[in-house]
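Architecture at a glance
Here is what each chain is made of, one letter per residue.
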Amino acid sequence: MHERLSFFVKRDSALHHLNPLTKIVLALSIILVSIFSPWYWTSHGLLLVVIVPLVFIGKVANEYFTSALRLILPAAGFIFFMQAFFQPIGQTVIFNFWFLDITQESLLFAFRIATRITVMISAFTLFLLTTHPSELMSDLTRRGLPPQFAYVIISTLQILPQMQAKAQTIIAAQRSRGLDTESTFFKRIGSVVPLVSPLVFGSLVEVEERAIAIEARGFTSKKAKTSLYEISDRSSDKFIRWGLVILVIISIVLKLWLS
Amino acid sequence: MFEKIKKDFTTMTWVLIPVAIAINIAIGQIVVLLKLPVFLDSIGTVLVGIVAGPWAGALTGALSNTIWGLFNPDSLPWWPVAFFIGLVAGLCANAGLFKNWWKVILSGFLIALTAAIVSTPISVYLYGGITASGSSFITAYLLQTGQGVLSAVLSTGFLVEPVDKITTAMLAFVIVQGLSKRLVARFPRPENAEVESGNNTTQIIIALVVVVVVVALGFVVRNMLAG
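Residues numbered from 1 in each chain as written. Chains lettered and ligands numbered in written order. Predicted model: local features only at pLDDT ≥ 70, side-chain atom pairs only at ≥ 80, totals over all residues. Heavy atoms only, no water.

1. Some remarks on the overall build of chain A
To be explicit about the condition: To qualify as a helix, a DSSP run of H or I must reach at least 4 residues; to qualify as a strand, a run of E must reach at least 2; elements of each kind are numbered from the N terminus. Taken over C-alpha atoms, the radius of gyration is set against a globule rule of 2.2 Å times the number of residues to the power 0.38. For every residue, the accessible area (1.4 Å probe, protein chains only) is compared with the maximum for its type, and the residue is labelled buried under 20%, exposed over 50%, or partly exposed between those bounds. Contacts between residues were defined by any pair of non-hydrogen atoms, one from each residue, lying within 4.5 Å. Each accessible area value is a Shrake-Rupley result obtained with a 1.4 Å probe; residue values ignore everything except the protein chains displayed when judging cover.
For chain A, the count of helices and strands is 10 helices and two strands. Going from the N terminus to the C terminus, chain A shows its helices and strands as α-α-α-α-β-β-α-α-α-α-α-α. The C-alpha radius of gyration of chain A comes to 24 Å, more than 25% above the 18 Å expected for a compact globule of 259 residues. The buried share of chain A, reckoned over its 259 residues, is 41%. For chain A, restricting intrachain contacts to residue pairs at least 6 apart in sequence, the fraction spanning at least 24 positions comes to 70%. Total accessible area computed for chain A in this model is approximately 14900 Å², and 69% of it derives from carbon and sulfur atoms.

2. Considering the overall build of chain B
Assigned secondary structure in chain B consists of nine helices and zero strands. For 227 residues, the compact-globule formula gives about 17 Å, and the C-alpha radius of gyration of chain B, at 17 Å, lands near that figure. Along the three orthogonal principal directions, the C-alpha set of chain B runs to about 55 × 35 × 30 Å. For chain B, the proportion of its 227 residues judged to be buried stands at 59%. As displayed, chain B has an accessible area near 9200 Å², and 72% of this comes from carbon and sulfur atoms.

3. As for the domain arrangement of chain A
For clarity, the cut-off: Residue ranges for the domains originate in an automatic or database domain assignment.
Structurally, chain A comprises domain 1 (14–131 + 230–258) and domain 2 (146–215). On a C-alpha basis, the centres of domain 1 of chain A and domain 2 of chain A stand 35 Å from each other.

4. Quick look at unusual backbone geometry
When glycine is set aside, most residues are seen to have a negative phi, and most peptide bonds are trans. The phi dihedral of K59(A) is positive, around 55 degrees, even though this residue is not glycine. Tracing the backbone through its elements, the reader meets K59(A) in the loop between α3 (42–57) and α4 (61–86). Of note, L40(B) is a non-glycine position whose phi angle comes to about 50 degrees, a positive value. With respect to the helices, strands and loops of the structure, L40(B) is situated in the loop between α2 (11–34) and α3 (43–68). Accessibility expressed as a relative area gives 7% for L40(B), which makes it buried.

5. Some remarks on the confidence of the model for chain B
Filter applied, for reference: Along the chain, pLDDT gives the predictor's confidence residue by residue, from 0 to 100.
When pLDDT is averaged along chain B, the result is 87, and 96% of the positions lie at 70 or above. Here helix α6 (residues 136–144) of chain B stands out as the least confident element of chain B, with mean pLDDT 78; helix α4 (residues 79–94) of chain B is the most confident, with 96.

6. Observations concerning the pattern of salt bridges
All names here are of chain A. Put simply, the rule is: Each reported salt bridge corresponds to a side-chain nitrogen of Lys or Arg within 4 Å of a carboxyl oxygen of Asp or Glu.
Here the structure, examined in full by the defined rule, presents 12 salt bridges over all chains. Between E206 and R210 there is a salt bridge whose closest N-O contact spans 3.5 Å. Of this pair, E206 and R210 both sit in helix α9 (residues 192–215), four residues apart, which is roughly one turn of the helix. Relative accessible area serves as the criterion here: at 30%, E206 is assigned to the partly exposed category.

7. Side note on the interface of chain A and chain B
Rules: Summed over both partners, the accessible surface that disappears when two parts come together, traced with a 1.4 Å probe, is what is meant by buried area. Side-chain classes follow a simple rule in which Ala, Val, Leu, Ile, Met, Phe, Trp, Tyr, Cys and Pro form the nonpolar group, Asp, Glu, Lys and Arg form the charged group, and the remainder, Gly included, forms the polar group.
Taken together, the contact between chain A and chain B spans 53 residues of the former and 47 residues of the latter. Interface area, chain A with chain B, both sides summed: about 4600 Å², of which 81% is carbon and sulfur. Counting across the interface, chain A meets chain B through two salt bridges. One salt bridge in this structure joins R186(B) and E208(A), with 2.8 Å as the shortest N-O distance. For the side of chain A that touches chain B, the secondary structure elements donating two or more residues are α2 (20–36), α4, α5 (104–130), α7 (147–176), α8 (185–190) and α9 of chain A. Here the side of chain A that touches chain B is composed, by residue class, of 41 nonpolar, seven polar and five charged.

Okay, here's the thing in structure tokens:
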């Protein structure tokens, strides 16, 4: 019931031992380099030379490739087809359908955008698989992020599964009093209100109770809080972070210089 | 300035934000399942904008898209849009535009304009104008007729957004009016949600009728464009 929504996989690897901030900087710089780099093959290269080896270093290959099949491939594939069909660029027509044509140029463009999306999602997935959300939040709080932000993020991750469980209870309760939830389209639309409104109003009414509870535990107190866990931040972490920042700056400069 | 913003972030606001994000995601997913011609993924954001001011709304929007990105990665790059939806909703509420049903239509329209303008550069730069959303069909058609990318994306936004954002604003208004006065009074800006004239039951009924009419119109327009 109080399960947290998280993709974290507990393994013992070099990637898991990195400081959480280093990992977030790594993910962001992969994304930024793939957006800003002026060369066509950068995103493809990043995927094969950086992300795939990191997946194996982080020992999360199974989980990564499952999520790649389930989440990344459909998203990227859809973008690829939309782009290939709808981009009106290029002369060399390969295939024509109604007012839409696929040209060589639009195929190349679609391939680039789809890979870029794959790189963005992969970098983010890799970060989520190897970082525990609470570890990230306590590290960021230690560095000066207001603790309220950490509360909002961790609490959302907790509330989502709770709400799903509550929705299941409401559906069961409404069905037991004869609400039609699975026949024709219009009947299903009609059943949205009795299903959604108890969920929404119920969770909003709980807000006050929650506020009183956390205020009683010193939520608004200004004193520095002590942490139960120590999070390592070695000098190699700092070295990696600055190296990545410099790489991003180089790619932005190159983009501005070459275009 | 900062003192004023700080006043909006009471413990009630901090606790409301996660619940609002969960509402965004829950309703957004139900709408996807029902294949309605709207997204309705920012009801919670607008709700926070009404009862806790523009900056709380903006924060809710930005965090909402970031967290939704965990299981729907495509929503991640659109966080600036959600940020401005919350901000504009809060500004409208401060100006008294959430006090009866026809004013809510106006604020829904203003939110829609903002969303269309903010999403255009993201769509053009990141996706070359064609995104994963179904409305890209219209953009593609406009591109084929020889319009520039920027104006094609912008006109699609102006066509599609009002239906969605007016419905969103209306439903947020209905939810706030449906809450007990005692609960609303605990939030930083209860005066934004006070109904000007008439009692709030009639306002809720009129607002729900408007929602049904707008969604039905959306259906008709979509079917006309598709067929």
